[in-house]
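# Examining the three-dimensional arrangement
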Amino acid sequence: MIGRDRKSNFVTLRTVAVILIYGNRTVSVNALLDDASTKTYINADVVAELGLQGQVQKVTVNVLNDNVEKFETMPVEIRLQSHNGQTDAKIVTFTTNRVTGSLQPVDWKQHARKWDHLAGIKFPNLGKRPTVDMLIGLDYPDLHYSYRDIRGKPGEPIDRLTTLGLTCIGDPNSGQDQTLFNRTYFARGQEDRNDLDNIVRKFWEIENVKTPSENVFLSNESKKRCQR
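Nothing here was measured: the structure is a model prediction, and the numbers come from that model.

### A word on the confidence of the model for the protein chain
Per-residue confidence for the protein chain gives a mean pLDDT of 76; residues scoring 70 or more make up 69%. Within the model, pLDDT remains below 50 along residues 1-9, and this stretch shows 29 contacts once partners closer than five positions in the same chain are excluded. Here residues 199-203 scores under 50 on pLDDT; set against residues more than four positions off or in separate chains, the count is 15 contacts.

### Here we look at the packing of aromatic side chains
For the structure on display, the rule yields three aromatic pairs. Note on tyrosine 41 and phenylalanine 94: the rings are 6.3 Å apart at their centroids and 45° apart in plane angle, and the pair reads as tilted. With a gap of 53 residues between them, tyrosine 41 in strand S4 (residues 41-43) and phenylalanine 94 in strand S8 (residues 87-96) connect regions that are remote in the sequence. With a relative accessible area of 0%, tyrosine 41 lands in the buried category. For phenylalanine 94, a relative accessible area of 1% puts it in the buried group.

### Description of the pattern of salt bridges
Any two side chains of opposite charge can pair, so long as their charged atoms come close to each other. On inspection of all chains with the given rule, the structure shows six salt bridges. Measuring nitrogen to oxygen at the nearest pair gives 2.7 Å for the salt bridge that ties aspartate 88 to arginine 79. A residue is classified by how much of its surface remains accessible, and aspartate 88, at 24% relative accessible area, is partly exposed. For arginine 79, a relative accessible area of 37% puts it in the partly exposed group.

### Description of the side chain of serine 37
Relative to the helices and strands, serine 37 is located in the loop between strand S3 (25-33) and S4. Its relative accessible area of 1% is what places serine 37 among the buried residues. Of the polar contacts made by the side chain of serine 37, one reaches the backbone oxygen of lysine 39; its length is 2.8 Å.

About the thresholds
- Residues numbered from 1 in each chain as written.
- Predicted model: local features only at pLDDT ≥ 70, side-chain atom pairs only at ≥ 80, totals over all residues.
- Heavy atoms only, no water.
- pLDDT = per-residue confidence, 0-100.
- Contact = heavy atoms within 4.5 Å.
- Phe/Tyr/Trp six-rings, centres within 6.5 Å; stacked < 30°, edge-to-face > 60°.
- Helix = DSSP H or I, 4+ residues; strand = E, 2+ residues; numbered from the N terminus.
- Buried < 20%, exposed > 50% of the residue type's maximum accessible area, 1.4 Å probe, protein only.
- Salt bridge = Lys/Arg side-chain N within 4 Å of Asp/Glu carboxyl O.
- Polar contact = N/O pair within 3.5 Å; in protein donor to acceptor, adjacent residues only side chain to side chain.

What follows is the structure in structure tokens.
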């Protein structure tokens, strides 16, 4: 995996702010739309804040280099809403600690004016917590659906309207005179296993886990868009 970062420490993966609801408690968090993951995860401290409860299970995880990890997690059922009100989903997510590490979302409201094709787009506010606390995998493909992509010149950021709202990928400082750093993660041998497993959690595949029923509910307008 190869990533490119600048001194500003912005990470430009596809993140979106969502609302999590359990009972009469709600919290707004930043989520990562990760189409390389087969399951959805949430940080355990968010689950505790919502008062969620569940049964701890032991799971087997396949990571890179044909390695296998076993750990304890708690599948919990939670209600997820988009800030624009178009998506209301009942999902099952697995608890873990720091699922995206120290990943922080980019506030594209502060950067959109730099490019003509993004200047008029009203990006949503970020979640109140400063990190990305949730990873949404392809067990909920409807949440990854793209209604519209807006791109500029080659190499410039690309805006996408998903069922959960607006997201953007690309370098928020592209075209500016800043020192550029390249960061590359290689899959090496067994000696790098611990660090590697933490880096590539988004490639997890969970085996032999029983979960409750999973349903995603979209507004009528959203359903019509998905059928086009």
